[in-house]
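# Residue-level structure breakdown
Now for the letters of each chain:
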Amino acid sequence: MKKLSLSLLLVLIFVSCNSTKHVAEDEHMLTQNYIFVDSIRNKSSDIQKYILQKPNPRFLDLPFALYLHNIGNHEKPKTAKEWGNKNPNSYNFIKSIFSEKQSIGYANSFIGLNNWFLNYQGPEIINPRKVKRTEDNLWAYYKTQGYFKSKVTSKINRYKDKKATVEYHVTKGKPTLLDTINFKIESKVLDSIYKKSETTSLLKSGEQYNDKTFRNEASRVLKLYRNNGIYHFTESALGFYVDSTRTDYKTNVDFLISGSRLVDKNGKYVNTPFKVQKISKINVFTDYSFSKKGEPYLDSLDYKGINFLAHDKIKYNPKYLSQSIFLKPNSIYKDTLRNLTRNHLKSLKNFKSTNIKFTPISGTDNELKMDIFLAPIEKYTLGLETELTHSNIRNIGSSAKFSITNRNAFRGAELLKLSFLGSYFTSNSGPGWEVGTDASLEIPRFVAPFGLSKLVPKEMSPRTLFSIGSSFQKNIGLDRQTFTFLSDYKWQYNTKKTIQLEVLNTQYIQNLNINSYFSIYSSEFTNLNNVAKAYDDANGTTTNYPLSTDLNNQVSEAKSFMNTVSKDANFKNTNSEEYNTALNILNRYNIVTSDFLIPVLAYSFTYNSQTKFDDNNFSFFKLRVANSGNILGLISKNTSANGKKTFAKIPLAQYFKTDIEYKKFWDIGENSVFGFRSFLGAIIPYDNSDIPFTKSYFAGGSNDIRAWQTYELGPGSRNTGLEFNVGSLKLLTSAEYRFNVVSKLKGALFIDAGNIWDITGSSFVDEKSKFNNFSSLKDIAIGSGFGARLDFSFLILRFDVGFKTYEPYLTGNKWLKNYNFANAVYNIGINYPF
């Protein structure tokens, strides 16, 4: 049966691979466009958008979507009746066994399958009219670049196999340069504003003509006037006059700025001079509703000249709500302050809609009334979020979060939120689950003592977040309960830059199941058993090997044995390798099983130039610098039996940590994107502290170096065989090419490179694991591969296959030794890896 299905599939593919199957005899399918600019081929994505006809999309140079279309047949029946007439035996057979209804359903299933194939894009047939229009588009485009006398011709190359290519030949000619630039401002008011601004025009004599420069100049002048009180100023008041009659490839430019606008007065349009408008009156309607339009406002109050009104009762403290209003009474109108007011009010997350309306005040020609209509969201809302989850540690799972939100909790637009969460997932150690709860209070301003709240201006949307919570994890490592408390300050320095300050990000981690240590880290137990055998052989005893596998006393006996070995000087001298192995295992055991108090103070800076969700040309940079345990370490003088600093008898994590991440994306046309990601992180402990396992770095996984499993790679050139390998320095770089395949299916080709090392200087770490100098960069591992993604807009399901390309831990040849499917890593992920 499998062979029959495979054979049928191969037959279908073979039949469909005739790409011109549905091309008529007198037609030709477009396979390629060639653009030659001054006899040189131009592949720039900037001009691709002007080509009206493009070949069928291709993947690996094959038009798979067209192949699927060609499996269908345009001549097949379109209705069940037609299908029955063409296939009477099958139709009547189904009808005789079941009924007419089942026969119709049977016919419709074949019709639907045929239509499904035909829904894929058919062959792109050459259309001479579109070719001519493309000529016009290219000519118009180069004219906007200053090539007023350019020429564009086209040539259609038709071939005997019903395929064709199109050539577009562009002769740009000599560019036109800007010569004399004259500004003509018809209003003294506008002229005064322009001169006081001391701004520089974007139009410069001697530069090449470019439409974009003129548009930017118009936008610059428009913003100038609208941010200086000229509320009624629009682009219609601007005009450029270009002298295109000159034959010396130069042009004079007259930039006309009109001093008036047309206003309809009693059915007649009258020229009205532009005047500086000031805001004379501000009304804020705090419970606006379209259904209550026309009803009286029963409550009102005045705060610093701003009039607050409500149909019922004013529920917002005017002192705090007014901080989101940046246009004040008797101030001049400014576009930037209007937009800032709108965005600030939206960021409060208290209102469904925010509408700002300006109307002239009757009897004046330079005063405006500002009305702000705020439609509040319900005070109490319930939320239920469910999602599929995936991370480098957790495999595919599901999670749910139930939350209760109280908006305007203390009349200052605060958000008080209580959340309950739970998840179930599979991990490397089997199925697991997590439950937790947290309470948070988000305040749309800084809450800080000693007047520190004034350091960040309100325009930057400062926020304060207080959060407290706890979670319990089962079957992740040693089972863990976590308590967290966070006070977080965040502000938007500008549209691209965000700054975050974590002041009391305190976490207490308690391991609940340390007796399962050797069950989870089974390779450690195997290595320790080998040490026990060597120890018994060296001392002529049989008391230690084999170590107990009883979970009730396995850890206690193993720990007792490791402590015995650490004190045996003779064994150290005679069996140094086994001695060091036992001490390394003991050290890792102490770190992994230890509870930790992690009080973090951190600063983060984020730069993100992405303007919208589907923007594929942007860069991202994030720097985070953190310190743990510095203040509490100075306060506490207590230490544990291991000489580690403690606070309230809990080991204190003391370290400095820095993470730097950079990402860059390029839209390279035809729905393809090239992405680059680089990460550098380092953590350095001090005062004899250990690094908590959860704060260490690891390598490998579906969002990391995809040719290795999570925690499998490193540190350095070691191949430890341990289940969980961690380090204190990490370097990661990835490059990925993303492209469309068919419909929602997208493909990717990628290369990942990186590793982890140790930079703590610990005596328990061997030389191969350490980062000594730049020569350690030879330990960088390289993986490459390909992937497929299903893009559902709201969710991306990802499947990546990573091949080990360079393995630093191998002896001899390290390149491509295990570059095959047998040693590949198959990653399933949600959303893009970066």
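Just so it is clear, the structure is predicted and the values come from calculations on it, not from any experiment.

### Here we look at the overall build of the protein
- Of the regular secondary structure elements, the protein holds 17 helices and 32 strands.
- Along the three orthogonal principal directions, the C-alpha set of the protein runs to about 110 × 85 × 70 Å.
- When contacts within the protein are restricted to residue pairs at least 6 apart in sequence, long-range pairs at least 24 apart make up 63% of them.
- Carbon and sulfur atoms make up 55% of the accessible area of the protein, which totals about 44600 Å².
- The average position of the 107 basic charges and that of the 75 acidic charges among the side chains of the protein differ by 5 Å.

### Focus: the nonpolar core
- Ranked by size, the top nonpolar core spans 27 residues in total, and within it Tyr517, Phe518, Leu528, Phe561 and Val565 carry the most contacts.
- Of all the secondary structure elements, the ones that give two or more residues to this core are helix 12 (517–520), helix 13 (522–539), helix 14 (554–566) and helix 16 (576–593).
- Per element, the largest residue contribution to this core is seven residues, and it comes from helix 16.
- Once residues within four sequence positions are removed from consideration, tyrosine 517 is found in contact with Leu478, Glu524, Val555, Ile585, Arg588, Tyr589, Val592 and Thr593.

### Focus: the packing of helix 5 (residues 88–97) against helix 6 (residues 100–118)
- Running from N to C, helix 5 and helix 6 cross one another at 140°; their axes reach a closest spacing of 7 Å. One way to sum up the angle between helix 5 and helix 6 is to call them oblique. The element helix 5 and its partner helix 6 pack so that their crossing is right-handed. Counted together, Ser90, Tyr91, Ile94 and Lys95 of helix 5 and Glu100, Gln102, Ser103, Ile104 and Tyr106 of helix 6 form the full contact between these two elements.

### As for a nonpolar patch on the surface
- Judged by side-chain polarity, Ile396, Leu749, Phe786, Phe799, Phe821, Tyr826 and Ile828 come together as a nonpolar surface patch covering roughly 660 Å² of accessible area.
- One can find phenylalanine 799 in strand 31 (residues 796–806).
- Judged by relative accessible area, which is 37%, phenylalanine 799 ranks as partly exposed.

### Concerning the side chain of serine 19
- Tracing the backbone shows serine 19 in the loop between helix 1 (2–16) and strand 1 (29–37).
- Every residue in contact with serine 19, bar those within four places of it in the chain, is listed here: Met29, Leu66, Tyr67, Asn70, Pro123 and Lys163.

### As for the sheet that holds strand 12 (residues 306–310)
- Taken in spatial order, the five strands line up as 11-12-10-14-13 in an open sheet, and their pairing is mixed. At either end of the open sheet lies a strand with only one pairing partner, and these are strand 11 (299–303) and strand 13 (351–360). Neighbour-to-neighbour, the strand axes of the sheet open up by a mean angle of 20°, direction not taken into account.
- In this sheet, strand 12 lies alongside strand 10 (residues 278–285) in parallel orientation, the contact comprising four bridges. Bridge pairing links asparagine 283 to asparagine 307 in strand 12.
- Contacts between helix 11 (residues 335–347) and the sheet are confined to strand 13 and strand 14 (367–376), with strand 13 contributing the most and set at about 160° to the helix.

### Here's the deal with the confidence of the model for the protein
- Looking at the protein, pLDDT values average 90 and 96% of them are 70 or higher.
- Taken element by element, the protein is modelled with least confidence in helix 1, mean pLDDT 46, and with most confidence in strand 23 (residues 618–628), mean pLDDT 97.

### Focus on the sheet that holds strand 6 (residues 238–242)
- With respect to topology, three strands assemble into an open sheet ordered 5-7-6, the strand pairing being mixed. Two strands in the sheet have a free side with no partner beyond their single neighbour: strand 5 (177–185) and strand 6. Within the sheet, the average angular offset between the axes of one strand and its neighbour, ignoring direction, is 20°.
- With five bridges connecting them, strand 6 and strand 7 (residues 250–257) associate as antiparallel partners. Paired with glycine 239 across the bridge in strand 7 is leucine 256.

### Topic: helix 7 (residues 128–144)
- Helix length check: helix 7, at 17 residues, gives a terminal C-alpha distance of 25 Å against a target of 24 Å (1.5 Å per residue), a fit within 8%.
- All of the buried residues along helix 7 are Val131, Thr134, Glu135, Leu138, Tyr141 and Tyr142. For helix 7, the angular spread of the buried residues around the axis is 130°, confining them to a single face.
- Considering only its buried residues, helix 7 is in contact with strand 1, helix 2 (45–48), strand 3 (151–158) and strand 4 (163–171).
- The N-cap of helix 7, judged by a side-chain oxygen 3.0 Å from the amide nitrogen of arginine 129 a few residues on, is asparagine 127.
- Positive phi appears at glycine 146, one or two residues downstream of helix 7, with a value of about 100°.

### Regarding unusual backbone geometry
- The step from tyrosine 545 to proline 546 runs through a cis peptide bond, and the omega angle for that step is -5°.
- With respect to the helices and strands, the residue proline 546 is situated in the loop between helix 13 and helix 14.
- Here the residue pair glycine 714 and proline 715 is connected by a cis peptide bond, since its omega of 0° sits within 30 degrees of zero.
- The residue proline 715 is located in the loop between strand 27 (673–685) and strand 28 (729–742) in this model.
- The backbone of glutamate 198 sits at a positive phi, close to 55°, despite the residue not being glycine.
- Among the structural elements, glutamate 198 can be located in the loop between helix 8 (188–197) and helix 9 (211–226).
- Phi is positive for asparagine 266, close to 55°, though the residue is something other than glycine.
- Tracing the sequence through the fold places asparagine 266 in the loop between strand 8 (260–265) and strand 9 (268–273).

### Some points on the pattern of salt bridges
- Per the stated rule, a full pass over the model turns up 32 salt bridges.
- Lysine 132 is paired through a salt bridge with aspartate 136; the nearest N and O atoms lie 3.1 Å apart. Of this pair, lysine 132 and aspartate 136 both sit in helix 7, four residues apart, roughly one helical turn.
- Its relative accessible area of 43% is what places lysine 132 among the partly exposed residues.
- Here the salt bridges share partners, and the residues they tie into one network are Arg706, Glu736, Arg738, Asp752, Arg789, Arg798 and Asp800.

### Quick notes on the packing of helix 13 against helix 16
- It is at 9 Å that the axes of helix 13 and helix 16 come closest, and there the two elements cross at 140°. In terms of their interaxial angle, helix 13 and helix 16 are classed as oblique. With respect to the hand of their crossing, helix 13 and helix 16 are arranged in left-handed fashion. Here Glu524, Asn527, Leu528, Val531 and Ala534 of helix 13 come into contact with helix 16, specifically with Glu578, Thr581, Ala582, Ile585 and Arg588.

### With respect to the environment of serine 150
- Residue placement: serine 150 occurs in the loop between helix 7 and strand 3.
- Separated by 162 residues in the primary sequence, serine 150 and aspartate 312 place their C-alpha atoms 68 Å from one another.
- A polar side-chain atom of serine 150 sits 3.4 Å from the main-chain carbonyl oxygen of tyrosine 147.

### Section: helix 16
- Its 18 residues give helix 16 an end-to-end C-alpha distance of 26 Å, which sits within 8% of 26 Å, the value for a rise of 1.5 Å per residue.
- All of the buried residues along helix 16 are Tyr579, Ala582, Leu583, Asn584, Ile585, Leu586, Asn587, Tyr589, Ile591, Val592 and Thr593.
- In the core, the buried residues of helix 16 are packed alongside strand 21 (497–511), helix 12, helix 13, helix 14, helix 15 (569–574) and strand 22 (596–608).

### Brief notes about the packing of aromatic side chains
- In the structure shown here, the tally under the stated rule is 53 aromatic pairs.
- A ring pair is formed by tryptophan 116 and tyrosine 120, whose centres lie 5.3 Å apart and whose planes are at 90°; its orientation type is edge-to-face.
- Their ring planes at 70° and their centres at 4.9 Å tell us that tyrosine 535 and phenylalanine 571 sit as a pair that is edge-to-face. Here the residue tyrosine 535 occupies a position in helix 13, and phenylalanine 571 occupies one in helix 15, the gap between them amounting to 36 residues.

### Focus on the environment of histidine 74
- Secondary-structure assignment places histidine 74 in the loop between helix 3 (64–71) and helix 4 (80–86).
- With 305 residues separating them in the primary sequence, histidine 74 and lysine 379 have C-alpha atoms 57 Å apart.
- Excluding its chain neighbours within four sequence positions, the residues that come into contact with histidine 74 are His22, His69 and Leu118.
- In this structure the side chain of histidine 74 is engaged in a polar contact, spanning 3.2 Å, whose partner is the side chain of histidine 69.

Parameters and conventions
- Residues numbered from 1 in each chain as written.
- Predicted model: local features only at pLDDT ≥ 70, side-chain atom pairs only at ≥ 80, totals over all residues.
- Heavy atoms only, no water.
- Helix = DSSP H or I, 4+ residues; strand = E, 2+ residues; numbered from the N terminus.
- Contact = heavy atoms within 4.5 Å.
- Areas by Shrake-Rupley, 256 points an atom, 1.4 Å probe, with all protein chains shown as cover.
- Lys, Arg positive; Asp, Glu negative; His and termini not counted.
- Charge placed at Lys NZ, Arg CZ, Asp CG, Glu CD.
- Core = buried A, V, L, I, M, F, W, Y, C linked by side-chain atoms within 4.5 Å.
- Buried < 20%, exposed > 50% of the residue type's maximum accessible area, 1.4 Å probe, protein only.
- Axes fitted to C-alpha atoms, helices over the stretch in contact; angles between N-to-C directions.
- Parallel < 35°, antiparallel > 145°, perpendicular 65-115°, else oblique.
- Left-handed = near helix turned anticlockwise from the far one by under 90°.
- Patch = residues over 30% accessible without salt bridge, like charges linked within 9 Å, V, L, I, M, F, W, Y side chains within 5 Å.
- Salt bridge = Lys/Arg side-chain N within 4 Å of Asp/Glu carboxyl O.
- Pairing = 2+ DSSP bridges.
- pLDDT = per-residue confidence, 0-100.
- Expected span 1.5 Å × (residues − 1).
- Arc of directions from axis to C-beta.
- Polar contact = N/O pair within 3.5 Å; in protein donor to acceptor, adjacent residues only side chain to side chain.
- Phe/Tyr/Trp six-rings, centres within 6.5 Å; stacked < 30°, edge-to-face > 60°.

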